[in-house]
Amino acid sequence: MERVLVIDDELSVRELCRRALEAEGYQVKSVSNGRQAIELAKEEPFDLLLVDIRMPGLSGLETFQAIKKFSPDVTGVVITGYGSMEVAIEALYLGFSGFITKPFEIDELITAVGEALEKKRLDRENARLRALIPLFELGRTFMTTLDLDDLLKQVVRTVKQETGADAISLMLLDKDGRELDVRASLGPPQPGAEEFANWVLE
């Protein structure tokens, strides 16, 4: 049930797209200009923008860029007229995943939207897998390291690498469960670390 926002100043085009995409199982909303699109996208998330390039006021490219600023995960398909291939190419550079030219067939519309959303799904899955690699490496360390200090140092190194933090400290409770002890750290000493440990215990 991916969500699609159709942005076109022609009512007939909006209705055609809405009916065709809803028949494919998408949740679809439509607006007639870029300003309306931006306001609606601020209120609710969309997976894909289907945008006409030429509209009164904000162009399709400007609208897409504005929405991308606060919804970077959204993808787009641009609608363009014949003779506007330069603009279509520019749209691809700006992050659109595809384009269709007017007049278009329903099959062309469905294919373009489907391919754009599939690419988005693959990109998201690849990002998820990349994020899991450090956890996999850490898991291997858990299985092969018997020394607790070495294990904790590896945890700190991994966290620092993945977060980009300047410094990392790992604090554990002592054997009696009463005091926090810095067991592993990486980077310059952080002022107030001891006070922080006391505050946590309180």
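Residues numbered from 1 in each chain as written. Predicted model: local features only at pLDDT ≥ 70, side-chain atom pairs only at ≥ 80, totals over all residues. Heavy atoms only, no water.

1. Looking at the sheet that holds strand 2 (residues 27-31)
Turning to step 1, where the next piece is worked out: Taken together, five strands build an open sheet; the order of strands is 2-1-3-4-5 and the sheet is parallel. Only two strands of the sheet have a single neighbouring strand rather than two, namely strand 2 and strand 5 (98-102). Averaged over all adjacent pairs, the angle separating strand axes in this sheet is 20 degrees, with direction ignored.
Turning to step 2, where the next piece is worked out: Relative to strand 5, strand 4 (residues 75-81) runs parallel, the two sharing five bridges. Directly across from Thr-80, in strand 5, lies its bridge partner Thr-101.
Turning to step 3, where the next piece is worked out: Sheet strands in contact with helix 1 (residues 11-23) are strand 1 (3-7), strand 2, strand 3 (48-52), strand 4 and strand 5, and its direction is about 175 degrees off that of strand 2.
Turning to step 4, where the next piece is worked out: Along the sheet, helix 3 (residues 60-70) makes contact with strand 1, strand 3 and strand 4, crossing strand 3 at roughly 155 degrees. (Pairing = 2+ DSSP bridges. Helix = DSSP H or I, 4+ residues; strand = E, 2+ residues; numbered from the N terminus. Axes fitted to C-alpha atoms, helices over the stretch in contact; angles between N-to-C directions. Contact = heavy atoms within 4.5 Å.)

2. Regarding the packing of aromatic side chains
Turning to step 1, where the next piece is worked out: Here the structure, examined in full by the defined rule, presents one aromatic pair.
Turning to step 2, where the next piece is worked out: Above the plane of the ring of Phe-46 lies Arg-3, whose end atom (NZ or CZ) is 4.9 Å from the centre. (Phe/Tyr/Trp six-rings, centres within 6.5 Å; stacked < 30°, edge-to-face > 60°. Lys NZ or Arg CZ within 6 Å of the ring centre and 35° of its normal.)

3. As for the pairing of strand 2
Turning to step 1, where the next piece is worked out: In terms of strand pairing, strand 1 meets strand 2 through five bridges, oriented parallel. When the bridges of strand 2 are listed, Arg-3 appears paired with Gln-27.

4. Concerning the confidence of the model for the chain
Turning to step 1, where the next piece is worked out: Per-residue confidence for the chain gives a mean pLDDT of 79, with 73% of residues at or over 70.
Turning to step 2, where the next piece is worked out: Between residues 195-202, whose pLDDT stays under 50, and residues either more than four places distant or in other chains, the model counts eight contacts. (pLDDT = per-residue confidence, 0-100.)

5. Let's talk about the environment of Ser-32
Turning to step 1, where the next piece is worked out: By the secondary structure assignment, Ser-32 is in the loop between strand 2 and helix 2 (34-43).
Turning to step 2, where the next piece is worked out: Sequence separation between Ser-32 and Met-55 is 23 residues, and the spatial gap between their C-alpha atoms is 8.4 Å.
Turning to step 3, where the next piece is worked out: For Ser-32, the contacting residues outside a window of four places in its chain are Asp-8, Asp-9, Arg-14 and Met-55.

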